[in-house]
Structure formats: C-alpha cells, structure tokens
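Letter by letter, the chains look like this.
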Amino acid sequence: MEFNPYGGTAARVAVVIVNAAGAPPEELVSRLRAEDMRLTSLTTAQARDVAEWAERLRQVFAEPDVGRRVELLNTLLADSACRPHISRHHGKPPHIHYAAEDDGWVRRIQAYTAGGLAHLLCDDPARMGVCAREGCDVVYVDTSRNGRRRFCSTRCATRVHVADHRERQRVFQATTTASLQCGA
C-alpha cells in the first residue's frame, strides 16, 4: 500500500498533465495510464481541455504565496465540481474518487488533480513548485525526506551547481589575477 502525504497519485497526475501540455492525445493517455488511470483514449478536443486545465494547475505550482495558492485551488475545486466519495472497483481496496464514475474523463481528471493538489497544499504547500533552473518550466511534487527540492531533476540541479561553481572560479581567478598585477 502506498502512503504518500504529499498529494499522492492525484498530485503526480497533476504533474504529469502540466508537464505534458500540448502532447498529442495518445501520448497523454499513455502518460496517464502509467499513473494507473484506466482511460483508453482521449479525443483531440478532450486533450485540448486537459491542456487548458493543466495551465490552470501550473498557476498553482508557480504561485509563491500560499494564500493566493489557496484561492487558485479553491477556484479549481469549485470549477471541477469535486465530489469525493469512496469507490471499490477492479478488485482494488476502497479508495477515494473525486468525481462520479459516469462523469467524462476531462471532468474526472479535473476533479482528481484539484483534489490531489488540495491535499498537498494542506499537508505541506512548500512541496510543490516549478524547477528553479532558468529556462526550465517543469513542475514537480517534492517527496524527498527533507522537503528542500528546488529542481525538477538532478540533471537541472547539476547544471545550476556546475554553472555556479564555474562562476565562482571565474571570479576567484579574476580577483587573484588583479591582486597579482597590483602587487607587482
């Protein structure tokens, strides 16, 4: 059994759809199925609706002010008509669904992701964000032990740390060279 106090699977699905913005319907379905969503297809119009929703979710990830995040998320919860209920299907143990079984996939994705981010926001709002590397707009949910993640991946973190190191070395070299020239 997975226990994740940082929004769980629903928050991961929010990350997936935000980071997949503009992906073709087949790719979006594949990414969502990898998160254990049981959808089989999305039309182009549905994928466009999900992409529009993803842009609204991105605002929540990018907003640094917790009070404003709460406002944004409350609007998303209201717009998704989130109606949590306990479900049992496909041999799974009881679990929470955020939309009715007969709701369409777009509505279900909206309710699920809004609900997941609401849990995350209430548990620890600092655990969601956008990569701190300039030029990278990938969003993430921080599930690390210490909760200090600032980058979407170790690759982005390494790029920033190497660039910072090189800048410090450049400044040190310039300072050392200037000191030697003045002292001579």
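Refer to the preceding data block for the structure.
Conventions and cut-offs
- Residues numbered from 1 in each chain as written.
- Predicted model: local features only at pLDDT ≥ 70, side-chain atom pairs only at ≥ 80, totals over all residues.
- Heavy atoms only, no water.
- Helix = DSSP H or I, 4+ residues; strand = E, 2+ residues; numbered from the N terminus.
- Contact = heavy atoms within 4.5 Å.
- Phe/Tyr/Trp six-rings, centres within 6.5 Å; stacked < 30°, edge-to-face > 60°.
- Buried < 20%, exposed > 50% of the residue type's maximum accessible area, 1.4 Å probe, protein only.
- Lys NZ or Arg CZ within 6 Å of the ring centre and 35° of its normal.
- Axes fitted to C-alpha atoms, helices over the stretch in contact; angles between N-to-C directions.
- Parallel < 35°, antiparallel > 145°, perpendicular 65-115°, else oblique.
- Left-handed = near helix turned anticlockwise from the far one by under 90°.
- Nonpolar A, V, L, I, M, F, W, Y, C, P; charged D, E, K, R; others polar.

S.K.: Even after reading the chapter, I still don't get the environment of alanine 118, so can you show me in this structure?
M.R.: With respect to the helices and strands, alanine 118 occurs in helix H5 (residues 105–123). Considering only alpha carbons, one finds alanine 118 and leucine 77, 41 residues apart in sequence, at a separation of 8.2 Å. Those residues in contact with alanine 118 that lie beyond four places of it in its chain are Leu73 and Leu77.

S.K.: How do you make sense of the packing of aromatic side chains when you look at a structure like this?
M.R.: The geometry of an aromatic ring pair comes down to the distance between the two centres and the angle between the two planes. A complete count under the given rule lists one aromatic pair for this structure. Relative to tyrosine 112, the ring of tyrosine 98 lies with its centre 5.7 Å away and its plane at 55°, an arrangement referred to as tilted. In this pair, tyrosine 98 is assigned in the loop between strand E2 (95–97) and H5 and tyrosine 112 in helix H5, connecting sequence segments 14 residues apart. Here tyrosine 98 and tyrosine 112 have matching classes, each one buried. For arginine 108, the ring lying beneath its charged end belongs to tryptophan 105, and the centroid distance is 4.2 Å.

S.K.: Please clarify how the packing of helix H3 (residues 44–62) against H5 should be interpreted in this entry.
M.R.: When two helices pack together, their arrangement is given by the angle between their axes and by how far apart the axes lie. Two elements in contact, H3 and H5, have axes whose closest approach is 10 Å; the angle formed by their N-to-C orientations is 15°. Taken together, H3 and H5 sit at an angle that is classed as roughly parallel. The element H3 and its partner H5 pack so that their crossing is right-handed. Here H3 contributes Gln46, Asp49, Val50, Trp53, Leu57, Val60 and Phe61 to the contact with H5, which in turn contributes Val106, Ile109, Gln110, Thr113, Ala114 and Leu117. Considered class by class, the residues forming the contact of H3 with H5 number nine nonpolar, three polar and one charged.

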